[in-house]
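The lines below spell out each chain.
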Amino acid sequence: MNIPPVQAGLSPDLGPDLDSQQAGHSQAEATETRALHRAVRELNESGAYGAKNELVFVIDRATRRPLLRVVNRETREVIVQLPPEQVLRLADDLKLLAPGLEEI
């Protein structure tokens, strides 16, 4: 899986600036997203995940859910993803079984 690192205001899965993608969202959510991007950038600069790894924040194109991934800088291999793929699939299955429930 090839996942480019997040640059300020960009999402690899959605492309353009996240702020423009969040037009229908509140100013507080946009501020929160910018703070998250800043925190991810600072963690990557600190080397907290090792010299060969970096933390990447993306919005999943299919589910529109935020994901955090630890990715190998050289191979672009996803080392860890939060939430894991299994949890995302389980949430989708639950929505199919109980369509009247609020979004999980």
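Residues numbered from 1 in each chain as written. Predicted model: local features only at pLDDT ≥ 70, side-chain atom pairs only at ≥ 80, totals over all residues. Heavy atoms only, no water.

**Q** Give me the lowdown on unusual backbone geometry, citing residues and values where you can.
**A** Geometrically, the link from Leu82 to Pro83 is a cis peptide bond, its omega value of -10° lying close to zero. Along the chain, the position of Pro83 falls in the loop between strand 3 (78–82) and helix 3 (85–97). Notably, Arg76 is not glycine yet its phi reads approximately 65°, a positive angle. Structurally, the position occupied by Arg76 is in the loop between strand 2 (66–72) and strand 3. (Helix = DSSP H or I, 4+ residues; strand = E, 2+ residues; numbered from the N terminus.)

**Q** Break down the pairing of strand 2 for me, with residues and values.
**A** Counting buried positions along strand 2 gives five out of seven residues, so the element sits mostly inside the fold. Where strand 1 (residues 53–59) lies against strand 2, seven bridges are found, and the strand directions are antiparallel. Residue pairing for strand 2: Asn53 is matched across the bridge by Asn72. Between strand 1 and strand 2, which pair antiparallel and follow one another directly, the connecting turn spans six residues, one of which, Arg64, has a positive phi of 60°. Bridge count for strand 2 against strand 3 is four bridges, and the pairing is antiparallel. Each bridged residue has a counterpart across the sheet, and for Val71 the counterpart in strand 3 is Val78. Between strand 2 and strand 3, which pair antiparallel one after the other, the connecting turn spans five residues, and Arg76 there sits at a positive phi close to 65°. (Buried < 20%, exposed > 50% of the residue type's maximum accessible area, 1.4 Å probe, protein only. Pairing = 2+ DSSP bridges.)

**Q** Could you give an account of the confidence of the model for the chain, with specific residues and numbers?
**A** A low pLDDT means the predicted coordinates there should not be read in detail. Overall, the predicted model of the chain reaches an average pLDDT of 76, with 72% of residues at or above 70. Across the chain, strand 3 holds the top mean pLDDT of 94, while helix 1 (residues 18–21) sits lowest at 45. pLDDT under 50 marks residues 6–22. Its contacts with residues more than four places away, or in other chains, come to 41 contacts. (pLDDT = per-residue confidence, 0-100. Contact = heavy atoms within 4.5 Å.)

**Q** Outline the pattern of salt bridges, supporting the account with residue identities and numerical values.
**A** Enumeration according to the criterion identifies three salt bridges in this entry. Between Arg76 and Glu54 there is a salt bridge, and its shortest N-O distance comes to 2.9 Å. Of this pair, Arg76 sits in the loop between strand 2 and strand 3 while Glu54 sits in strand 1, placing them 22 residues apart in sequence. With a relative accessible area of 6%, Glu54 lands in the buried category. Note that Lys95 and Asp92 form a salt bridge whose closest N and O atoms lie 3.8 Å from each other. Taken together, the residues Lys95 and Asp92, both in helix 3 and three residues apart, mark about one turn of the helix. (Salt bridge = Lys/Arg side-chain N within 4 Å of Asp/Glu carboxyl O.)

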